2 protein chains.
Amino acid sequence: MARIAVDAMGGDFAPRAPIAGALHALGALPPHHEIELVGQTAVIESELDALLRGELAELAHVRDRITIVEAPDVIEMSDKPSAALRRKPNSSMVVGVKRVADGVAHGFVSAGSTGAQMAVSFMLLKLHPGLTRPAIGAIFPSMQQPLLVLDVGANVDCAPAELVQFARIGTVYAKALLGRENPAVGLLSVGEEAEKGNLAVKDAHQLLLNAGLNFIGNVEGRDLPRGVCDRGPIDVVVCDGFTGNVLLKFYESIGPMLIGMVSKVAQLDPRQVMGSLKQFDVDEYGGSPLLGVRGVSIISHGKSSPKAIKNAIAVAIRAWESGMTDEIGRRLAESVPDASDTGSAT
Amino acid sequence: MARIAVDAMGGDFAPRAPIAGALHALGALPPHHEIELVGQTAVIESELDALLRGELAELAHVRDRITIVEAPDVIEMSDKPSAALRRKPNSSMVVGVKRVADGVAHGFVSAGSTGAQMAVSFMLLKLHPGLTRPAIGAIFPSMQQPLLVLDVGANVDCAPAELVQFARIGTVYAKALLGRENPAVGLLSVGEEAEKGNLAVKDAHQLLLNAGLNFIGNVEGRDLPRGVCDRGPIDVVVCDGFTGNVLLKFYESIGPMLIGMVSKVAQLDPRQVMGSLKQFDVDEYGGSPLLGVRGVSIISHGKSSPKAIKNAIAVAIRAWESGMTDEIGRRLAESVPDASDTGSAT
């Protein structure tokens, strides 16, 4: 049985999208799973009532698996992320993460400010020993299997040792949540040769060769849409959060755009085309895990639809059930004695 | 009248693709333009004969506008770029760039090793005063006008002052070759706010505010496929060569892939769909200028088709005719006295 806290106030379409997403999730999940909606009780109750009396009436039977957790404040996109915990301790973001930190909830999902979720999760859940920063992992659809790319925005300047940390936690996630046997880790660079890359990447390459991971060397931008490089399929792509963030946003924008343009040429409905290309529907993946913190915190896109929230809740449950968080801790602990790559990251 | 030197030995499909591209170019260009094919004379003559007796027979009338310039050596992809000039001074790459340095040819086009072309152009053509590195500019198709993105691979680690240099030379190129009145320059980052970005980008943002350019602030990955950001259309996107290279290769790979997949869903021939989406056909742009060197050196993709080479030759001619090289020198000279951003770039 899992209990997931959902930020009812976070995201461009809150409170409707997260609340509808929670209802959809419960409708699809086995009955032993429960959801806590965190936010302003009156707002949540009124939205829940409206949805259950209206368009989601068929989900009325899941209502008793929802608890409302009061959080009077809301973190706005204009709030400084690092000050969120101190200035708005009663916000849905802080209260939600606290439910996980206190062991009451098994995971937290929010479509609110990514920066605030990162900062609050970092402060309340803490990092595993051996890590200096958390990383955001994003699922990149490819022609083959989806890839886990990290970091996509938590760390804009990365030391080589941090890139190695991403490789370690990405390996655990890919195994636990994507079901990859022995995840192949590629280091994003500008050429496949070890000597290609910027300073951090070149050093990280050398560290990764001795990190005890299934490191397949450098991968290039062109390999990501294909999901494979010359050395075989790719499961995890490691990069700094600047490059990863630029690439993720580029991907999120070009995909729908090209699909729209080709659909127009073909005189087809883009939604129908998208329906046949499910692997490119980012809503299918729901959310990006914040990796490295001791607890499950899933970051959903600000524009998340109810479907995206529903899938993010499923990701949170799988993350919890897989024991991923403990496994990351174990793997990092194992790597400390014999590896020189988890030391100072400055 | 322009005279363009073409590396007949460079690229995956050499000598056929560059030679066929040269013939196509001459067929389309006014009769006062000429081409020098640089490479092994016997190989070039035999290929030219084969093409003109066979599939390109209708272009026999352009033969007398072609000169063959002997260069017995060929730079292989395995040759170290920085050693190309010293070790293979009689290669088509070195001889071709030398034609431009000596003022005999007005531009050089090659689909051979990008690293070698960069190194040789840098050493023989020299940089404009005020620059520390050349930059490769790539044309990114967008839903609106195409964008000039630089750098896409010449400089993997960039100091803030170098990013400002890219903005300056990109502005001149966008004006001279893309016909943009007052090119809008965006700085690629992870958020539109000035304080978002890695260390180099944050500093570059501040320098760009006072660089006397039409700086429109940070742009994000999502803005590139659209060609616009909240502050209007984008003409030039400035980034370090690591991020730019990853993004360019990603774009080159995802475009054809998505078009192929959607075409399949729509049961259309991908080539037919591509024909209706000309702005996404990279061959239309032919080549990426190496900017900052004192002369026209156009870098074509290793996989360049004859059409890509033909278009790269057209780019070289327009670059020369526009006086772009001198204009970049003038603009950089103007910016030196009153700007603190062109000093030390370490």
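Check the entry above for the structure.
Below you will find a few notes about this structure. Because the structure is predicted, anything quoted here is derived from the model rather than measured.

A word on helix α2 (residues 41–53) of chain A
Structural remark: α-helix, 3.6 residues per turn; residues separated by three or four positions point the same way.
Residue and element names in this part refer to chain A.
So, step 1. If you check α2, its first and last C-alpha atoms are 18 Å apart, about what 13 residues at 1.5 Å a residue would give, namely 18 Å.
So, step 2. Those residues of α2 that sit buried are Ile 44, Glu 47, Leu 48, Leu 51 and Leu 52. In a view along the axis of α2, the buried residues occupy a sector of 125°, so they form one face of it. When the buried face of α2 is taken as reference, the exposed residues oriented beyond 90 degrees from it are Ala 42 and Arg 53.
So, step 3. In this structure, the buried side of α2 is in contact with α1 (16–28), β2 (34–39) and β3 (66–70).

Brief notes about the interface of chain A and chain B
So, step 1. If you look at the interface, chain A gives 45 residues, while chain B gives 45 residues.
So, step 2. Where chain A packs against chain B, one counts two salt bridges.
So, step 3. Here Lys 249 of chain A makes a salt bridge to Glu 220 of chain B, at a shortest N to O gap of 2.4 Å.
So, step 4. Along the contact surface separating chain A from chain B lie eight residue pairs in polar contact (both at pLDDT 80 or more).
So, step 5. Looking at the side of chain A that touches chain B, the elements with two or more residues in it are α7 (199–209), α8 (223–226), α9 (241–265) and α10 (270–276) of chain A.
So, step 6. Per-element tally for the side of chain A that touches chain B: the top contributor is α9 of chain A, with 19 residues.
So, step 7. Classifying every residue of the side of chain A that touches chain B by side-chain character gives 26 nonpolar, 13 polar and six charged.

Some remarks on the sheet that holds strand β6 (residues 147–150) of chain B
All names here are of chain B.
So, step 1. A sheet is described by the order of its strands in space; here eleven strands give the open sequence β3-β2-β1-β4-β13-β12-β5-β6-β11-β7-β8, paired in mixed fashion. Of all strands in the sheet, those with a lone pairing partner are β3 (66–70) and β8 (215–219), marking the two edges. Strand-to-strand twist across the sheet, computed as the mean angle between neighbouring axes with direction ignored, equals 25°.
So, step 2. Of the pairings in the sheet, the one linking β6 to strand β11 (residues 236–238) comprises three bridges and is parallel in character. Residue pairing for β11: Leu 150 is matched across the bridge by Val 238.
So, step 3. Contacts from helix α1 (residues 16–28) reach β1 (3–7), β2 (34–39) and β3, with the element oriented near 175° to β2.
So, step 4. Those strands touched by helix α4 (residues 92–101) are β1, β2, β3 and β4 (107–110), and its axis lies near 160° from that of β4.

Calculation criteria
- Residues numbered from 1 in each chain as written.
- Chains lettered and ligands numbered in written order.
- Predicted model: local features only at pLDDT ≥ 70, side-chain atom pairs only at ≥ 80, totals over all residues.
- Heavy atoms only, no water.
- Helix = DSSP H or I, 4+ residues; strand = E, 2+ residues; numbered from the N terminus.
- Expected span 1.5 Å × (residues − 1).
- Buried < 20%, exposed > 50% of the residue type's maximum accessible area, 1.4 Å probe, protein only.
- Arc of directions from axis to C-beta.
- Contact = heavy atoms within 4.5 Å.
- Salt bridge = Lys/Arg side-chain N within 4 Å of Asp/Glu carboxyl O.
- Polar contact = N/O pair within 3.5 Å; in protein donor to acceptor, adjacent residues only side chain to side chain.
- Nonpolar A, V, L, I, M, F, W, Y, C, P; charged D, E, K, R; others polar.
- Pairing = 2+ DSSP bridges.
- Axes fitted to C-alpha atoms, helices over the stretch in contact; angles between N-to-C directions.

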